[in-house]
Amino acid sequence: MAGDRTLSSKQLTGRIHSVYCKDFVSYSEITFYPKHYLNVLTGPNGSGKSTIVSAIILGLGGEPILLDRSASVADYIQSNKTSATIIVRVYGRTLNTTETFRRIINSNGSSTFSVNDKDTSKKNFLAAVSTFNIQVSNLCQFLPQDRVQDFSKMNPQELLLNTMSSVCDDELTKSFNLLKQMRLQQTNAQANREREKLDLAKKQKRLEHLQMTVAQYKDREEVKQKLQVYSAKKLWVETQAGEAKAAEMKTHVEKAKTQSEKLKDQHDKLVQAHEVIQRKKVSLRESCLEKTRLLEKAESEKTAIENKLDSLKQGISEKKNELERSIQKSLRTATECDKLNQLVENKMYELETLNKSRPQFVSELEIAKESCAAARGKAMEQYNRRKQLEQKLNDEKIPEITAYKHKIERLKNVKMQKIDEIRMKNPNLVMAMNWLAQNKQRYKLNVYDPMILELTVENHEYAKYLENVVSQRDLFAFACENKEDMSDLINELCVKQKLGVNVIYCAPSDRLAYCPKIPIDDLRSFGFRSYLVDLVTGPIPLINKLCASYSIHNIPIGTETVSDYTSSIPKTIRVYFGGSKKFVVTASRYRSDTILTESTIRARNQLITVDSQQLALVMKQCSEAVRESDSIKNAITKTDNEFERLQTLARDEQEKRRKLDQKITHFNSLKIEVETLRRKLEALQNNNTLDSLKTNFYNSLQKDLTKIVDTEAKLSVCLQTVERLMIEKKFSRARVSAYMLQHESQCETLNESEQQSIAATRDFQQLLQGLENQMIDVNKRKSDVQRLCDGEIPTSSKFPFKKEFRELKNIDLPGLREAIHDFQARLECMKSVNSEAIDSYQELQNEVKKLDEGIKESVNQAKSMESEMSNLYDKWEPKLNSLVETISTKFSEFMQSIEYVGEVVLSKTDKYDFDSYGIQIMVQFRRGIQLQPLDKFIQSGGERAVSIAIYSLSLQHVTHVPFRCVDEINQGMDATNERHIFDLLLKEATKHGSAQYLFVTPKLLRDLNYNEHLCVSIVHNSKTVCHGMKFPKT
């Protein structure tokens, strides 16, 4: 229906020119051209009406959560496609121009945004959209099908904010936000001011307590000052007395020094004379020592000669004894030679006998060596072969068998894998399962874990069918066979532990209570293989529950060929699957025929599945690996037996070789023994005779007697020398003794002089040390005076206590000491005050002053802010009241036109409590009752739908958004209300200058009113539409 009234470029700005979708949900490619005023999109359920609204919201930067359908934008991509494209064109700000907003959605959930074919960031994209006053998140402008009921759930404050946003009055919204901010600042400032007042009162009270402490501190400081002055005066008097005493001690030190030096000179002269005497003594002692050394040397020579003479005599005696032993030995040698000769002959006979058999022994030994080496070589071959087999078994077959067993175990038991996946996504559910596992004994009948863990599907390809039939809520719900157990479990998990899990009831049973309406054999001709219930295994009560809730015993599963027989399948089958397609048959509310909806399903990998084909393949591979492993083990056993046989053979050959080696070794040893006996016999036969021994003895005796005579001559000379040296030594000692007696008195004089000099020096050092100690004491007292008097002494021009010292001039030292004692006693009687208390007092004074000034400044600021807020409120409040009154007037008129009562009021708890400001929709659908706020617990679904629709129409007069979208708002309305709402919508949305309006509905009543500004678009998106059919665009 054509007939657009001419609109200015300003009125056209932001209205939708066209919406283009490609590979989006059910559309492969489509372009929708809405008209400038009211556009009604109608068509069967599932044809794609709401998809166009979804495309507008997502195409203008909205999030999937606004549609309340799927959390991931990737779910809006058409099946078997990798991306989807949405292009929304709106009229530009100048005549005959458009602005293009494009969004490409990728399968990984990311999106690419562009404005006028230029890629940009999402932030800049949304900023560009908002410049046209398009608010995709505002339910007053966009009301998708799945968010209709959310409108009634908005509290008054949210409704006010959305309403002001849709009005597009930035000043009104900014003023409201500024007022809330100023109110918050005012409240915070008042709270801070009250806290500061309390803090000020506490600190003022503390200040009063500290004043007495400060007075005590000042009195104590005054006494301490006097004590300091008197102490300094006492120290100064003592210093002056010490200086006088030091001057007297200095005179005594000088006298002692003179006496010490005089005695030292006398002592030095005596020392020089004593040194001459000592040198002479040393010379005489050295001469005496030299004589002693010569005497000791002569005595040593005498001793050596005597030892030599004794040695010669001893040698003669030993040679005589040796001669006697040799004579006895010569007599025994003849008998021994005869015995040794007989032994040599016996050994020679045995050696000749062995020598004849030696070649045979050598030959047998070589044969034994070769046999032993051959046996060992074969044994090593068997050992190496066993090692290779064992390595192959350990490195290849055993790990391979272990891997197959682990793989079989994983394929058979995937429950733990599923629990690990659930723990990452829903930890509360796993916590509930763990608690139930520990507490199952407290329940009367069976309590089952969630169905995704209790139910098993033989093939993972079949799991997607059950996942697309049973709701997620039930798949993840616990099941109880007893209703009391169910109540207790809900109380424990949901109320006490707040885990937020679901619990359902399933009647106890030991057999399947449901059977298909049509046998599966009757459906095989259409491509069906089995019913869904036949593909699932698990506890019977759970399967009965699914049959009762989802009729899985009447849902057949087939191949892709099912789609070719949809017209022939019995109508009693409402849901069935063919390959990756789901078919749902629904009865039309307005016609006698049925509607077939086809959709593509995806696997969610939630149920536990066992791949029987893969399991069988892995088990076969495992059996083959075990067989090969057993074969290797048998080969190892054979190798071990052969190795043991060869080892025994090698040991036998080795023993034979050892015996032959012993025989050959015995032959060699016997040969060596014969040679040794022969040499020994020759040595005995070659011994000297008795006459030669006697001759040698007499010759040696003659030589020794000659040496004895010479030695005795040398001994006589040595004795004469010793006697002479002893006489000279005695004479030298006598000279030393005489000289010592001559100079003994001089040594005593020297010792006496040394003692006097040391005593004088010691007296001088003591006097000097006393003077130094006195000066140290004087200087210390001066330092103490300076410490007490700011580093000055009384003789200094800067001395701080000159006046006090003059007043104390006539007080002697005992009087000063008495006064100091008195002051110290007074100071001890006074209470000690910490100097930090004085610092705290001064700091507290400053804080009190600062707090007082801050409170005064805060009061002035509060007055200024209150005045500013009042001025802003006076400007903002009339505008808001005017807006609400305008909306309320229209709302009341529209409600009255359909014989209902309603108004829109501004709710608040206090004038300046801006957080409580909100819009309350008040309605009355039945006479005799008061107006009631719009609430999901008070009004029915149809009444809420009427109220929302009328409120939406009321905003047409105050909002400045370029277009609005409402999806199936007429759901739940009866025919009368639906007709009234459509008439109001037609009237308001087709007025000149009204915003563009997109109204989505699955049906239109008969005999509705239409006009030239209404465009009805019928959505066709089905295989039943003939190929090549064209529909007019205008």
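To keep things clear, this report deals only with the structure shown in the data block. (Residues numbered from 1 in each chain as written. Predicted model: local features only at pLDDT ≥ 70, side-chain atom pairs only at ≥ 80, totals over all residues. Heavy atoms only, no water.)

1. Looking at unusual backbone geometry
One non-glycine residue, D117, lies in positive phi territory at about 65 degrees. Along the chain, the position of D117 falls in the loop between β6 (111-115) and β7 (118-120). D117 sits in the exposed class, given a relative accessible area of 58%. Not every positive phi belongs to a glycine, and N133 is a case in point at roughly 60 degrees. Structurally, the position occupied by N133 is in the loop between α3 (122-130) and β8 (142-143). (Helix = DSSP H or I, 4+ residues; strand = E, 2+ residues; numbered from the N terminus. Buried < 20%, exposed > 50% of the residue type's maximum accessible area, 1.4 Å probe, protein only.)

2. Focus on the pattern of salt bridges
Counted under the stated rule, the structure contains 16 salt bridges. The partner of E642 in a salt bridge is R645, with the nearest N and O atoms 2.6 Å apart. Within this pair, E642 and its partner R645 are both found in helix α14 (residues 612-685), separated by 3 residues, close to a single helical turn. On the basis of relative accessible area, R645 is assigned to the partly exposed category, the value being 45%. Between E893 and K890 there is a salt bridge; the shortest N-O distance is 3.8 Å. With a gap of 3 residues between them, E893 and K890 both fall in helix α19 (residues 835-897), about one helical turn apart. On the basis of relative accessibility, which here comes to 40%, the residue E893 falls in the partly exposed class. A single network of salt bridges, built from pairs that share partners, joins R386, E390 and D640. (Salt bridge = Lys/Arg side-chain N within 4 Å of Asp/Glu carboxyl O.)

3. Examining the sheet that holds strand β22 (residues 932-933)
In a beta sheet, neighbouring strands are held together by backbone hydrogen bonds and run either parallel or antiparallel to one another. Spatial ordering of the open sheet is given by β20-β21-β22, a layout of 3 strands whose pairing is antiparallel. Edge positions in the open sheet fall to β20 (901-907) and β22, since each of these has one partner strand only. Note: β20 against strand β21 (residues 918-924), 7 bridges, orientation antiparallel. From the neighbouring strand, V905 faces β21, where its bridge partner is Q920. (Pairing = 2+ DSSP bridges.)

4. Re the sheet that holds strand β12 (residues 502-505)
Sheet architecture is open: 3 strands sit in the order β9-β11-β12, paired in mixed fashion. Edge positions in the sheet fall to β9 (447-448) and β12, since each has one partner strand and no second. Sheet analysis places strand β11 (residues 477-480) next to β12, joined by 4 bridges and oriented parallel. In the strand pairing of β12, A477 is matched with N502. Strands in contact with helix α8 (residues 427-439) are β9 and β11; relative to β11, the strand with the most contacts, it is inclined by about 25 degrees. (Contact = heavy atoms within 4.5 Å. Axes fitted to C-alpha atoms, helices over the stretch in contact; angles between N-to-C directions.)

5. Things to note about a positive patch on the surface
A contiguous patch of positive charge, built from K308, K703, K707 and K714, is present on the exposed surface. If one sorts the elements of the positive patch by residue count, helix α15 (residues 690-742) sits on top with 3 residues. Using a relative accessible area of 46% as the deciding quantity, one classes K707 as partly exposed. (Patch = residues over 30% accessible without salt bridge, like charges linked within 9 Å, V, L, I, M, F, W, Y side chains within 5 Å. Areas by Shrake-Rupley, 256 points an atom, 1.4 Å probe, with all protein chains shown as cover. Lys, Arg positive; Asp, Glu negative; His and termini not counted. Charge placed at Lys NZ, Arg CZ, Asp CG, Glu CD.)

6. Observations concerning the packing of α8 against helix α12 (residues 483-496)
Interhelical geometry of α8 versus α12 gives an angle of 135 degrees and a closest axis separation of 11 Å. In terms of orientation, α8 and α12 fall into the oblique class. α12 is crossed by α8, and the crossing has right-handed handedness. Residues A432, W435 and L436 of α8 form the contact with α12, whose own contacting residues are L489, E492 and L493. In terms of residue class, the contact of α8 with α12 is made up of 5 nonpolar, no polar and 1 charged. (Parallel < 35°, antiparallel > 145°, perpendicular 65-115°, else oblique. Left-handed = near helix turned anticlockwise from the far one by under 90°. Nonpolar A, V, L, I, M, F, W, Y, C, P; charged D, E, K, R; others polar.)

7. Overview of the pairing of β21
Walk down a regular strand and you will see the side chains alternate between the two sheet faces. Buried residues dominate β21, accounting for 7 of its 7 residues. Alternating residues of β21 divide into G918, Q920, M922 and Q924 and I919, I921 and V923, and every residue in both groups is buried. Sheet topology places β21 next to β22; 2 bridges connect them, and they run antiparallel. Paired with V923 across the strands is Q932, a residue of β22.

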